[in-house]
Amino acid sequence: MTEVTPVRGLSKTASVLLVEDEPKVAAFIRKGMETQHYKVEIAGDGREGKLMAAARKYDLVILDINLPHISGIELCRFIRSKYAKVPILMLTALGTTGDKLSGFDAGADDYLVKPFEFLELMARVNALMRRTAAPAEETTLKIAGLELDLREKVARRDGKTIELTAREFSLLEYLMRHKGRVVSRSDIAEHVWDINFDTGTNIIDVYVNYLRKKVDRDASVKLIHTAIGMGYMLKEK
Ligand code: CA
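Okay, so let's go over this structure. Quick caveat, the model's predicted, so the values are computed rather than measured.

In this model, helix α8 (residues 203-215) (13 residues) spans 18 Å end to end at C-alpha, consistent with the 18 Å of a helix rising 1.5 Å per residue. Within the span of α8, buried status applies to Ile204, Asp205, Val208, Leu211 and Val215. Along the axis of α8, the buried positions cluster into a sector of 120°, meaning they face one direction only.

Below is the structure:
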């Protein structure tokens, strides 16, 4: 089988509820998805699907539209009312515009017409999972007029570039990620220097002073504050 790129930020195994009354189709989907680190539970009709959906929260739901007892559309509406964010992919043999619209209307996120290639299914599934996976990595940290571009490793204050060494940049990033909170010297030592804090050294205070000169000296609002006896804090006031 062709490799499918795994979704970043996705937990190792994602649980899938597959509601499909055609055993062959269900088995085909399960077999394929289980090689891609999805754990698939099958419901053979709408009623069973409803019970299973009510019992636990799945990471993804795949629903056939034409199902015995309760239709996929109705089931979709039920699942969406219970779980606002779970990705729902609808399957149908019909592929009519009406089907598609009622699926979206019922809260489906995407739609696939049978018969389909497994890779096409996985492309849709992965796209849906990506959309709900961990939010995109932060690339910029901001507080007041201070901006840290994490990709380009550039710091700016009020639009003006601040020249920082790699260590100063890491220290500022650490303070910005914890803005509004006091960080102790040992927190800083551990996370920025990757060492255990030795009380005999004043290296952290020295670096905080370097940063102060570069970040705060010419600015009207001071951002780096000393919490006496505790550590440092980055904040606006
Ligand atoms: Ca069916």
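Right, let's talk about the packing of helix α2 (residues 46-55) against helix α3 (residues 72-82) for a bit. Between α2 and α3, the shortest axis-to-axis distance is 10 Å and the interhelical angle comes to 5°. Here α3 runs roughly parallel to α2, going by the angle between their axes. On the side of α2, the interface is formed by Gly46, Gly49, Lys50, Ala53 and Ala54, while α3 contributes Leu75, Phe78, Ile79 and Lys82. The class makeup of the residues in the contact of α2 with α3 is five nonpolar, two polar and two charged.

Before going further, it helps to examine the sheet that holds strand β7 (residues 146-149). Overall, antiparallel pairing links the four strands, which are arranged β6-β7-β8-β9 in an open sheet. Across the chains shown, the open sheet's two edge strands, defined by having one partner strand only, are β6 (140-143) and β9 (160-162). On average, each strand axis in the sheet is tilted by 25° relative to the strand beside it, whichever way the strands run. Here β7 pairs with strand β8 (residues 154-157) via four bridges, running antiparallel. Paired with Glu147 across the strands is Arg156, a residue of β8.

Below, the discussion takes up the coordination of the calcium ion. The coordination sphere of the calcium ion, as far as protein atoms go, consists of Asp21 (OD), Asp64 (OD) and Asn66 (O), spread over 2.1 to 2.3 Å. Here the donor residues of the calcium ion are spaced in sequence according to D-x42-D-x1-N. Placement of Asp21 in the loop between β1 (14-19) and α1 (23-34) and of Asp64 in strand β3 (residues 60-64) is noted, with a sequence separation of 43 residues between them.

With that settled, consider the sheet that holds strand β11 (residues 224-227). Taken in spatial order, the three strands of this open sheet run β10-β12-β11, and their pairing is antiparallel. Lying at the two open borders of the sheet, with one neighbouring strand each, are β10 (182-183) and β11. Across two bridges, β10 lies against strand β12 (residues 231-234) in antiparallel orientation. Paired with Val182 across the bridge in β12 is Met233. Together, β11 and β12 form the strand contacts of α8, whose direction differs from that of β11 by roughly 145°.

This brings us to the side chain of Arg157. Inspection of the secondary structure assignment puts Arg157 in strand β8. Of the residues examined, Arg157 reaches a relative accessible area of 9% and is grouped as buried. Of note is the side chain of Arg157, whose polar atom sits 2.7 Å from the backbone oxygen of Val221. The contact partners of Arg157, leaving out residues within four places of it in the chain, are Gly145, Leu146, Ile162, Val215, Asp216, Ala219, Val221 and Leu223.

Criteria and cut-off values
- Residues numbered from 1 in each chain as written.
- Predicted model: local features only at pLDDT ≥ 70, side-chain atom pairs only at ≥ 80, totals over all residues.
- Heavy atoms only, no water.
- Helix = DSSP H or I, 4+ residues; strand = E, 2+ residues; numbered from the N terminus.
- Expected span 1.5 Å × (residues − 1).
- Buried < 20%, exposed > 50% of the residue type's maximum accessible area, 1.4 Å probe, protein only.
- Arc of directions from axis to C-beta.
- Axes fitted to C-alpha atoms, helices over the stretch in contact; angles between N-to-C directions.
- Parallel < 35°, antiparallel > 145°, perpendicular 65-115°, else oblique.
- Contact = heavy atoms within 4.5 Å.
- Nonpolar A, V, L, I, M, F, W, Y, C, P; charged D, E, K, R; others polar.
- Pairing = 2+ DSSP bridges.
- Donors = N, O, S within 2.8 Å, 3.2 Å for Na, K, Ca; no water.
- Polar contact = N/O pair within 3.5 Å; in protein donor to acceptor, adjacent residues only side chain to side chain.

The values reported here are purely geometric and, on their own, carry no functional implication.
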